[in-house]
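# Structural description and commentary
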Amino acid sequence: MLNFRIVGPGRAGTSLAAALSRRGWDFAGFLGRQDDLTDAARGVDVLVLATPDDVIAEVAGVVAPLPTTTVVHLSGSLGLEALAPHPLRAAVHPLVPLPNGEVGAARLASGVTFAVAGAPVAQTMVEALGGRLVEVSDGDRAAYHAAACIAANHVVALLGQVERVAASVGLDLDSFLPLTRAAVDDVSTLGAAAALTGPARRGDWATLSRHLDALPEGERPGYQAGAALATKLAGAAVPAEV
């Protein structure tokens, strides 16, 4: 098995360290903000940069390149150019939220999809974790990552709005989560267009207008954005049953 070191002991870094260690990889430890990173690539097969996107290029530039060490970043939006000083470079981005090291490690090894590019170590890492591999080129990574953020961050933000609006009528978020789970299951089974229900699909503009009138002013832009997306999707939906 390969040995690896991680720069960045945050949620992604601790998740990956635990997940790969459980699959037999030899973990050489973390390096953080206060450490000298010049020789970070020395003595390991793989150096993972698990840092925020906006400092990956800076960190990569500090590390002395070695011809035998592959430097990997975990960014979904950046290409391989961020690792420019290094002859062996790769990108590995897991399509799963990593809220903490324990939960993240389990999710990384649960068969999720990873978007990869670059050196063969990326494929080796995903195979070790039992993941599904898709290749995303540098030119497509920003759009790919936008889709990932919509799939996770935007859904969480929408559920935050559900929580606020539900609280205004004395209900909690848990009352609505079965609806969300069923809708996601339907998308998985039927596809997004066929899974769409509700007033936007039916063209029930009167109901949509009543919703807006009932919402506090600060909640209306978010609802209007969601209704616009639902209306756009309804244009591609199969005809509703009469």
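As a starting point, this report considers the structure included with it. (Residues numbered from 1 in each chain as written. Predicted model: local features only at pLDDT ≥ 70, side-chain atom pairs only at ≥ 80, totals over all residues. Heavy atoms only, no water.)

### Overview of the pairing of strand β5 (residues 89-94)
Two faces, one strand: in a regular strand the side chains alternate between the faces of the sheet. Along β5, five of the six residues are buried, which leaves the element largely enclosed by surrounding structure. As paired strands, strand β4 (residues 70-73) and β5 are joined by three bridges and run parallel to one another. Bridge assignment links H73 to a residue of β5, and that residue is A91. Here β5 pairs with strand β6 (residues 113-118) via five bridges, running antiparallel. From the neighbouring strand, V92 faces β6, where its bridge partner is V116. (Buried < 20%, exposed > 50% of the residue type's maximum accessible area, 1.4 Å probe, protein only. Helix = DSSP H or I, 4+ residues; strand = E, 2+ residues; numbered from the N terminus. Pairing = 2+ DSSP bridges.)

### As for the packing of helix α1 (residues 11-22) against helix α3 (residues 101-108)
The contact between α1 and α3 brings their axes to 7 Å, and the two run at 50°. Regarding the angle of α1 to α3, the classification is oblique. For the element pair α1 and α3, the recorded crossing hand is right-handed. Each of T14, S15, L16, A18, A19 and R22 in α1 lies in contact with α3, whose residues at this interface are G101, G104, A105, A106 and L108. Here the residues of the contact of α1 with α3 sort into six nonpolar, four polar and one charged. (Axes fitted to C-alpha atoms, helices over the stretch in contact; angles between N-to-C directions. Parallel < 35°, antiparallel > 145°, perpendicular 65-115°, else oblique. Left-handed = near helix turned anticlockwise from the far one by under 90°. Contact = heavy atoms within 4.5 Å. Nonpolar A, V, L, I, M, F, W, Y, C, P; charged D, E, K, R; others polar.)

### Comments concerning the packing of helix α9 (residues 205-214) against helix α10 (residues 220-234)
Contact pair α9 / α10: the axes reach a minimum separation of 10 Å and the direction vectors enclose 160°. What the angle tells us is that α9 and α10 run roughly antiparallel. For α9 against α10, the interelement crossing comes out right-handed. Across the interface between the two elements, W205, L208, H211, L212 and D213 of α9 pack against R220, Y223, Q224, A227 and T231 of α10.

### A word on the side chain of S75
Along the polypeptide, S75 turns up in the loop between β4 and β5. Within the structure, S75 has its side chain in polar contact with the side chain of D53 (distance 3.0 Å). When near neighbours in sequence (up to four residues on either side) are disregarded, S75 contacts D53, I56, H93 and R141. (Polar contact = N/O pair within 3.5 Å; in protein donor to acceptor, adjacent residues only side chain to side chain.)

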